[in-house]
Amino acid sequence: MAKQIHFTYDDKEYTLEFTRRTVKQMEDEGFIVRDIDARPMTLLPALFAGAFKAHHRFVRQEVIDQIYDAMPDKEALIGKLADMYNEPLISLMDEPDEGKNVDWMANW
């Protein structure tokens, strides 16, 4: 089961999640996770906003910013978002189930 964060803001329920598609979309938009330490003012809010793409992609940035500002314990929140962001990356390298393997070989 995918890692998710659930909360209610302004009487509306939200589910934050990253998928392979949303991580790729963020990368296509210029998000580089290894740059978080160098550019935290830009990339930490971008990480939070990216988590909306899977289930709430039409939420305006202004609303996302308001929600982020209202979130307590941001340090723990960012840690959970980072764990969620890494999950699709790890799944990209998962080995296939038994019986679904494709044989391959290199010619060098």
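Residues numbered from 1 in each chain as written. Predicted model: local features only at pLDDT ≥ 70, side-chain atom pairs only at ≥ 80, totals over all residues. Heavy atoms only, no water.

### Structural notes on the packing of helix 2 (residues 40-50) against helix 4 (residues 74-92)
Now for step 1: The interhelical angle for the contact between helix 2 and helix 4, taken along N-to-C directions, is 60°, at an axis separation of 10 Å. It follows that helix 2 is oblique to helix 4 by the angle criterion. Crossing angle aside, the handedness with which helix 2 passes helix 4 is left-handed. For the pair formed by helix 2 and helix 4, the contact residues are Leu44, Leu47 and Phe48 on the first element and Leu77, Ile78, Leu81, Ala82 and Tyr85 on the second.
Now for step 2: Looking at side-chain class alone, the contact of helix 2 with helix 4 contains 8 nonpolar, no polar and no charged residues. (Axes fitted to C-alpha atoms, helices over the stretch in contact; angles between N-to-C directions. Helix = DSSP H or I, 4+ residues; strand = E, 2+ residues; numbered from the N terminus. Parallel < 35°, antiparallel > 145°, perpendicular 65-115°, else oblique. Left-handed = near helix turned anticlockwise from the far one by under 90°. Contact = heavy atoms within 4.5 Å. Nonpolar A, V, L, I, M, F, W, Y, C, P; charged D, E, K, R; others polar.)

### Things to note about the nonpolar core
Now for step 1: Judged by nonpolar contacts, the single largest core of 27 residues is most densely connected at Phe18, Phe48, Phe52 and Leu81.
Now for step 2: Taken together, the elements giving at least two residues each to this core come down to strand 1 (5-9), strand 2 (12-16), helix 1 (20-28), helix 2, helix 3 (61-70) and helix 4. (Core = buried A, V, L, I, M, F, W, Y, C linked by side-chain atoms within 4.5 Å. Buried < 20%, exposed > 50% of the residue type's maximum accessible area, 1.4 Å probe, protein only.)

### Quick notes on helix 3
Now for step 1: Listed as buried for helix 3 are Val63, Ile64, Ile67 and Tyr68. Seen from one end, helix 3 has its buried residues packed into an arc of 140°, which puts them on one side.
Now for step 2: Structurally, helix 3 contributes buried residues whose contacts are with strand 1, strand 2, helix 2 and helix 4. (Arc of directions from axis to C-beta.)

### What to know about the pattern of salt bridges
Now for step 1: Tallying each qualifying case throughout the model produces 3 salt bridges.
Now for step 2: Its salt-bridge partner being Asp28, residue Lys24 comes within 2.8 Å of it at the nearest N-O pair. Taken together, the residues span about one helical turn, with Lys24 and Asp28 both in helix 1 at a distance of 4 residues.
Now for step 3: Salt-bridge contacts for Glu29 lead to Lys53; the nearest nitrogen and oxygen are separated by 3.3 Å. Here Lys53 lies in the loop between helix 2 and helix 3 and Glu29 lies in the loop between helix 1 and helix 2, a separation of 24 residues in the sequence.
Now for step 4: A relative accessible area of 52% places Glu29 in the exposed class. (Salt bridge = Lys/Arg side-chain N within 4 Å of Asp/Glu carboxyl O.)

### Structural notes on the pairing of strand 2
Now for step 1: Direction of pairing for strand 1 relative to strand 2: antiparallel, over a ladder of 5 bridges. Residue pairing in the sheet places Tyr9 in a bridge with Lys12 of strand 2.
Now for step 2: The hairpin turn running from strand 1 into strand 2, its antiparallel successor, is 2 residues long, and Asp10 in that turn takes a positive phi close to 55°. (Pairing = 2+ DSSP bridges.)

Bear in mind that shape data such as this cannot, by itself, settle questions of function.
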